[in-house]
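# Observations on chain architecture
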Amino acid sequence: MKKDAQGRIHIKIVFYGPSLSGKTSTLEWLYGRLEGLDKGDFRQIKDPTGRTLFFDFLPMQAPNSAVVFDVFTVAGQDRHKKQRKVVLNGVDGILFVVDSSASQLEANIESFKELKEELGEKLGNEIPLVVTLNKRDVPDALPREELLTKIGIPEGIPVYETVAIQGAGIKRAFQTLARAILLLQLHGIKV
Ligand SMILES: Nc1nc2c(ncn2[C@@H]2O[C@H](COP(=O)(O)OP(=O)(O)OP(=O)(O)O)[C@@H](O)[C@H]2O)c(=O)[nH]1
Ligand SMILES: [Mg+2]
């Protein structure tokens, strides 16, 4: 959380997860479809096929409020590990986007492990964590409980099933994360 020159509070949210899990698609849906927040410029640093090279960035502000959500997505490909570390700097809350496809189980496990290594005990404590199980529409989507157990998502973390390209589940997941961060940062309440 940071204050800018105009006295606005900036909350930094990072969408983390393996490559192609749907982080950029999730942010694109919020940009295009989420009502109730004023959106700034959507910036994307990507390759010609649409895969993120460094990050996406979208600032969103609640009307008549001094709070701005600065939302970033990381680049999920293995070779961008250093870039992910930079993007995590100063993060206030994480949305971990799981790819439900059976073929991506190992990639999800690796990505969550890397996130835990970067944030340590803060993850899910000082830094609230919400998980989306994305791509629920694919034919080889693994069952919810199997994904959570194998990836090692701790008990009590809010989990939402999503289809980012259609927008299903995204609003609730984002609201839950935003609320948890605000309660913690502004009121010291851990939910
Ligand atoms: N079927 C299906 N496809 C999806 C879903 N979400 C994203 N996709 C597709 O999956 C591909 C990757 O989505 P992105 O949002 O670019 O993935 P990303 O996590 O940003 O990937 P990196 O930038 O490489 O880390 C795209 O072709 C999307 O259209 C979903 O819920 N269901
Ligand atoms: Mg991306």
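Position labels on residues start from 1 in each chain and follow its written sequence. Labels follow written order: the first chain is A, the first ligand is 1, and so on. In keeping with the model being predicted, local features are shown solely for residues with a pLDDT of at least 70 and side-chain atom pairs are shown and tallied solely at 80 or more, while totals for entire chains, interfaces and linings include all residues.

### Regarding the pairing of strand E6 (residues 67-74)
Any residue surrounded by 20 or more other C-beta atoms within 10 Å of its C-beta is treated as buried, while 12 or fewer makes it exposed and the intermediate range makes it partly exposed; C-beta atoms here are placed from the backbone. The helix and strand labels rest on DSSP assignments: H or I over at least four residues marks a helix, E over at least two residues marks a strand, and numbering proceeds from the N terminus. Taken across its eight residues, E6 has six buried, putting it largely inside the fold. Pairs of strands are assigned from DSSP output, requiring at least two bridges between the strands. Pairing between strand E2 (residues 9-16) and E6: seven bridges, direction parallel. Bridging from a neighbouring strand, Ile11 pairs with Phe69 of E6. Pairing geometry for strand E5 (residues 52-61) and E6, over seven bridges, is antiparallel. Along E6, the bridge assignment pairs Leu58 with Val71. Joining the antiparallel neighbours E5 and E6 is a turn of five residues, in which Asn64 adopts a positive phi near 55 degrees.

### A short note on the nonpolar core
A general trend in soluble globular proteins is that nonpolar side chains are found buried together. Only buried Ala, Val, Leu, Ile, Met, Phe, Trp, Tyr and Cys residues enter a nonpolar core, and they are joined through C-beta atoms within 7 Å. The biggest cluster of nonpolar side chains holds 45 residues, and the ones touching the most others in it are Val14, Ile94, Leu95, Phe96 and Leu177. For this core, the secondary structure elements donating two or more residues are E2, helix H1 (23-33), E5, E6, strand E7 (93-99), helix H3 (105-119), strand E8 (129-134) and helix H5 (170-187). Counting residues per element, this core draws most heavily on H5, at eight residues. By definition, residue pairs are in contact when their C-beta atoms, positioned from the backbone, come within 7 Å. Excluding residues within four positions of it along the chain, Val14 makes contact with Phe72, Val74, Val87, Leu88, Val91 and Ile94.

### Some details on the site of ligand 1
Lining the immediate surroundings of ligand 1 are 22 residues, of which Gly22, Thr24, Ser25, Thr52 and Gly76 lie closest. Gly falls in the polar group here, along with every residue not listed as nonpolar (Ala, Val, Leu, Ile, Met, Phe, Trp, Tyr, Cys, Pro) or charged (Asp, Glu, Lys, Arg). Grouping the constituent residues of the shell around ligand 1 by class yields six nonpolar, twelve polar and four charged. Using a C-beta atom placed from the backbone, a residue is described as near a molecule or strand when that atom lies within 6 Å of it.

### Description of the pairing of E7
Most of E7 sits inside the fold, with seven of its seven residues counted as buried. Both faces of E7 are covered, namely the face carrying Gly93, Leu95, Val97 and Asp99 and the face carrying Ile94, Phe96 and Val98. The pairing of E2 with E7 spans four bridges and is classified as parallel. Considered in E7, the bridge of Tyr16 is made with Phe96. Considered for its hand, the β-α-β crossover made up of E7, H3 and E8 is right-handed. With the strands aimed away from the viewer, a crossover counts as right-handed if its path from the first strand over the helix to the second runs clockwise.

### Some remarks on H3
The length a helix should cover is 1.5 Å for every residue beyond the first. Look at H3: 21 Å from first C-alpha to last across 15 residues, which is about the 21 Å you get at 1.5 Å a residue. Contacts from the buried residues of H3 go to E2, E7 and helix H4 (144-151). The first or second residue beyond H3 is Gly120, which carries a positive phi of 55 degrees.

### Some remarks on the confidence of the model for the protein
Predicted confidence across the protein gives a mean pLDDT of 97, with 100% of residues reaching 70 or more. When mean pLDDT is compared element by element in the protein, E7 scores highest at 99, while strand E1 (residues 2-3) scores lowest at 94. For every residue, the predictor reports its confidence as pLDDT, a number between 0 and 100.

### Let's talk about unusual backbone geometry
Glycine aside, the phi torsion of most residues is negative, and most peptide linkages are trans. Located in the positive-phi region is Leu20, a residue other than glycine, with phi close to 70 degrees. Assignment of secondary structure puts Leu20 in the loop between E2 and H1. The class for Leu20 is partly exposed, based on 18 C-beta atoms found within 10 Å.

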